[in-house]
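If you want the building blocks of each chain, they are given just below.
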Amino acid sequence: MLVVAFHAHVGGFSGGFVGVDVFFVISGYLITRNLVAEAGTSSRVGLLAFWARRARRLIPALAVLVIATLIASTLILSPLELPRFAAQGAAAALYVSNIFFAVTTFGYFDLAAESSPFLHTWSLGVEEQFYLVWPVAVAIVLAACRRNRERVRTALIVVFAIGVVVSLGLAVQLSTLERPFDFFTLPTRAWEFAIAGILATVTIPTRLLTRWVRLALYVVGACLLAYATIAFDQALPYPSFWATIPVAATLLLIIAGTGDPSVPVFKVLASRPMQWVGRVSYSWYLWHWPFIILAVAWLDDDRVIVRLIAALLALPVAAAVYHWFENPVRFNRRLTASLPLTYTMALGVTLVTLLVAGGAGAMSMRTLEQEPYATYKTMKDNRSVDVCSPEFDGLQVDLCETGDLTSDTTVMLIGDSHARHWIDAFDRAAQDLNVRLLVRWRGSCQSIPVRTTSRLDAGCAAFRAATADAIRTHDPDLVVLSNYGEGIADVTDAEGNGLDEAGQAQAWQAAFEQQVDEIRAAGSRAAWIIDDPAQNLDPLICLTRPGNDISDCETPEADALRIVGTARAAERSAAEDLGGVASFDPTAGFCVDGRCTIFDDGIPIYVDRHHLAAGWTMTQVDGVRDFLRSALDA
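The notes below deal with the structure included here.

Conventions we followed
Residues numbered from 1 in each chain as written. Predicted model: local features only at pLDDT ≥ 70, side-chain atom pairs only at ≥ 80, totals over all residues. Heavy atoms only, no water. Helix = DSSP H or I, 4+ residues; strand = E, 2+ residues; numbered from the N terminus. Contact = heavy atoms within 4.5 Å. Areas by Shrake-Rupley, 256 points an atom, 1.4 Å probe, with all protein chains shown as cover. Lys, Arg positive; Asp, Glu negative; His and termini not counted. Charge placed at Lys NZ, Arg CZ, Asp CG, Glu CD. Core = buried A, V, L, I, M, F, W, Y, C linked by side-chain atoms within 4.5 Å. Buried < 20%, exposed > 50% of the residue type's maximum accessible area, 1.4 Å probe, protein only. Salt bridge = Lys/Arg side-chain N within 4 Å of Asp/Glu carboxyl O. Phe/Tyr/Trp six-rings, centres within 6.5 Å; stacked < 30°, edge-to-face > 60°. Lys NZ or Arg CZ within 6 Å of the ring centre and 35° of its normal. Pairing = 2+ DSSP bridges. Axes fitted to C-alpha atoms, helices over the stretch in contact; angles between N-to-C directions. Parallel < 35°, antiparallel > 145°, perpendicular 65-115°, else oblique. Left-handed = near helix turned anticlockwise from the far one by under 90°. Nonpolar A, V, L, I, M, F, W, Y, C, P; charged D, E, K, R; others polar. Disulfide = S-S within 2.5 Å. Expected span 1.5 Å × (residues − 1).

## Topic: the overall build of the chain
Okay, so step 1: Each helix and strand in the chain was counted, giving 28 helices and 13 strands.
Okay, so step 2: Seen along its three principal axes, the alpha-carbon backbone of the chain occupies a region of about 85 × 50 × 45 Å.
Okay, so step 3: Put simply, 80% of the contacts in the chain that link residues at least 6 apart link residues at least 24 apart.
Okay, so step 4: Accessible surface computed for the chain: about 27,100 Å², of which carbon and sulfur atoms make up 61%.
Okay, so step 5: The positive charge centre, built from 48 side chains, and the negative charge centre, built from 63, are 19 Å apart in the chain.

Below, the structure is given as structure tokens:
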């Protein structure tokens, strides 16, 4: 329920993603308890039987979800989106989507990841990988202690404790990487299962768990979980050590839940409605996220009410799948009586799912030549890196020299990828003005010294420092800043803690002023490009979604400026306070009558949701030339 509320963007659930940690702890506790009980009665662990039970429980339900989601995606989404989603669906069917997302995205909160109807399957990948490893670990301990069964529990606790220390340490260490392996992978999540395994293995004397002790544990656990749900957000380097809070909360609730269930506060969790939700929770977890993503895409509406209704509509579907498909397969007498038949079923279902995923991906290969998509298609790869392509390494340009190389007047363009899309236009204007142009940019790294939740943030400070050195070394007459304004939504304080909108605006303004002061201290003038509005959806994707035309792909101006407008206002306030900071606003003309279009006199404006097309920025050369001339003469 925490995860559903978080995915629906319900207020007060900014940390609802900790519901997955709760799930990992419960899963680790129950599975370990069952394995230890089996080892106690038979002195062995039936690995094949264990995996067969997991296969009947998990694989058919997930296969139905993947197939249904891919079919719905072909009806609602763009064929350009299908290859990526089909690959993710196939990875989900193989229970490796967590690794897939770790390699192909910049994190769970990355926009590219959040748009996937299969993002939530990462936790199922972690779970299934745990199911593969954990019983083997228990079996190895049993084999090592076969001559002294009394030491089994002690040995298991030692092994689990080592796993907790190593895994948690790895999670903390990897939290600084640019790729989110700490969030998505089993090695950094194993400690959550392992610490629950310790609880399942130890014996807590019942005399210690008095009514009041259990009540106290319940209150503390509930408060810790509520704190994590309310206070956590995507700004945290998660899981790292922060996950210890929801994990500890869950452990306390499990301990408190043992013994006498008559304590009034327990009755909520033990009530029939809550137990019913618990029984269908796996199915609801599977279905709620695709319902949300596809509903938002179909209605082109990302409001909380749309997300919440979609998530709630998924519940009866989940219940139906649970009662009429999941359970009949899980408890089928022929399957439960035959391991070979169970494994054959699992293999067959997985192969069918992979075939459907392959077919969905193949549908995207059909020709898409209709207008206006065909015009946009020609612009997709026309990014502004032509004049600096030798220096481009896929993420950044350290220093590119262009324009009039013989000139004594130098302009330097710096920023993130929003500096990148102005390179060609600035190069042409610089040549016209007989000005030497230096360019330095890095993707997802604003030139102004702000700290963000971006996985690339760890390398941004060093890049900014090198940029400052380049300014001092090359002594440009003018330094032009161009930064992605929507990046303000990821800004944190100096310690990495999340900020509200006002705090982010204040931090952005202070960073802007700091950089202008540093530029001036180096003997250069400063100017900035006012960032462009962002479309709700990549125009290429929008134009190829069934039934859409140009008007469907125009974003209301209020939406287009909803986030970037905060950055614009902060920069204007900074420029007014500092005085003498020239600005260039090239985008006012294409937001007309309350809507921001994607064409300007037949020329595509964007190459994706917020990056401008080089073909369009080249139409702004006259404006760039006037801007540079005025800023240099100021």
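Moving on from the coordinates now.
## Notes on the nonpolar core
Okay, so step 1: By size, the foremost hydrophobic cluster in this structure holds 103 residues, and its most contacted members are Y108 and W122.
Okay, so step 2: Among the elements that make up this core, the one with the highest residue count is helix α15 (residues 281–299) (10 residues).
Okay, so step 3: Leave out the neighbours within four places in its chain, and W122 touches V20, F24, S97, N98, F101, Y108, F183, F184 and R189.
Okay, so step 4: Counting residues in hydrophobic clusters, the runner-up holds 40 residues, among them V411, A430, F584 and F599.

## Details of the pattern of salt bridges
Okay, so step 1: Under the criterion given, the structure shown has 15 salt bridges.
Okay, so step 2: For the salt bridge of E81 with R545, the shortest nitrogen-to-oxygen distance reads 2.9 Å. Here R545 lies in the loop between α24 (539–543) and β8 (555–556) and E81 lies in the loop between α3 (47–76) and α4 (82–93), a separation of 464 residues in the sequence.
Okay, so step 3: Among the salt bridges present, the one from R472 reaches D469, with a minimum N-O distance of 2.3 Å. Separated by three residues within a single helix, R472 and D469 lie in helix α22 (residues 457–474), roughly one turn from each other.
Okay, so step 4: Accessibility expressed as a relative area gives 52% for R472, which makes it exposed.
Okay, so step 5: Three or more residues are tied together by salt bridges with common partners; here these are D21, R189 and E192.

## Examining the packing of aromatic side chains
Okay, so step 1: Throughout the structure, instances matching the rule amount to 34 aromatic pairs.
Okay, so step 2: With 5.0 Å between their ring centres and 75° between their planes, F17 and Y238 make a pair best called edge-to-face. With F17 in the loop between α1 (2–7) and α2 (19–42) and Y238 in the loop between α11 (211–231) and α12 (244–256), the pair connects residues that are 221 residues apart, well separated along the chain. Note on accessibility: F17 and Y238 belong to one class, buried.
Okay, so step 3: Plain terms: the ring middles of F23 and F24 are 5.8 Å apart, the flat faces sit at 50° to each other, and that makes the pair tilted.
Okay, so step 4: Here F24 falls in the buried class, since its relative accessible area comes to 0%.
Okay, so step 5: Above the face of the F183 ring, R189 is positioned so that its terminal group lies 4.7 Å from the ring centre.
Okay, so step 6: The ring of F463 carries the charged tip of R440 above its face, separated from the ring centre by 3.9 Å.

## Focus on the environment of A297
Okay, so step 1: Residue position: A297 is located in helix α15.
Okay, so step 2: Separated by 241 residues in the primary sequence, A297 and D538 place their C-alpha atoms 12 Å from one another.
Okay, so step 3: Residues in contact with A297, not counting those within four places in the same chain, are I76, L77 and R545.

## Regarding the pairing of strand β2 (residues 410–415)
Okay, so step 1: Of all six residues in β2, six are buried; the element is thus mostly enclosed.
Okay, so step 2: Judged by which residues are buried, β2 turns out to be covered on both faces: T410, M412 and I414 on one side and V411, L413 and G415 on the other are all buried.
Okay, so step 3: Relative to strand β3 (residues 436–442), β2 runs parallel, the two sharing six bridges. Of the residues in β3, the one forming a bridge with T410 is R436.

## Overview of the packing of α2 against helix α7 (residues 122–144)
Okay, so step 1: Put simply, α2 and α7 touch, their axes get as near as 11 Å, and they point 30° apart. In terms of axis orientation, α2 runs roughly parallel to α7. Considering the relative orientation of α2 and α7, their crossing is right-handed. Seen from α2, the contacting residues are V20, F23, F24, S27, G28, I31, T32, L35 and A39; seen from α7, they are W122, S123, V126, E127, F130, Y131, W134, P135, V138 and L142.
Okay, so step 2: Its residues assigned to classes, the contact of α2 with α7 comprises 14 nonpolar, four polar and one charged.

## Some words on the packing of α7 against helix α8 (residues 152–174)
Okay, so step 1: Running from amino to carboxyl end, α7 crosses α8 at an angle of 135°, the nearest separation of the two axes being 9 Å. In terms of their interaxial angle, α7 and α8 are classed as oblique. Remark: the crossing between α7 and α8 carries right-handed chirality. Contacts from W134, V138, V141 and L142 of α7 reach α8 at V152, A155, L156, V159 and F160.
Okay, so step 2: In terms of residue class, the contact of α7 with α8 is made up of nine nonpolar, no polar and no charged.

## Quick word on the state of the cysteines
Okay, so step 1: Summed over all chains, the structure comprises four disulfides.
Okay, so step 2: Bridging C542 to C553, the disulfide has an S-S length of 2.2 Å. Between C542 and C553 the sulfur-sulfur dihedral comes to about -95°; the bridge is accordingly left-handed. In this pair, C542 sits in helix α24 while C553 sits in the loop between α24 and β8, placing the two residues 11 residues apart along the sequence. Like C542, the residue C553 is buried in the burial classification.
Okay, so step 3: One disulfide bridge connects C591 with C596, the sulfur atoms lying 1.9 Å from each other. Across the S-S bond linking C591 and C596, the dihedral sits near 105°, which makes this disulfide right-handed. Here C591 matches C596 in class, with each residue buried.
Okay, so step 4: Bonded cysteines in the chain are paired 1-2, 3-4, 5-6, 7-8 when counted in the order they occur along the chain.

## So, helix α10 (residues 186–201)
Okay, so step 1: With 16 residues, α10 extends 21 Å between its outermost C-alpha atoms, agreeing within 8% with the 22 Å of an ideal straight helix rising 1.5 Å per residue.
Okay, so step 2: Counting buried positions along α10 yields 13 of 16 residues, so the element is predominantly enclosed.

## A word on the sheet that holds β2
Okay, so step 1: The six strands lie next to each other as β1-β3-β2-β5-β7-β9, forming an open sheet whose pairing is mixed. Taken across any chain shown, the strands that pair with only one partner, and hence form the sheet edges, are β1 (396–403) and β9 (582–584). Taken pair by pair, the neighbouring strands of this sheet meet at an average axis angle of 20°, ignoring direction.
Okay, so step 2: Pairing analysis gives six bridges linking β1 to β3, with the strands arranged antiparallel. Looking at β3, one finds that Q396 is bridged to R442.
Okay, so step 3: Running at roughly 165° to β3, helix α21 (residues 423–432) makes contact with β1, β2, β3, β5 (478–482) and β7 (525–529) of the sheet.
Okay, so step 4: Across the face of the sheet, α22 comes into contact with β1, β2, β3 and β5 while running at roughly 170° to β3.

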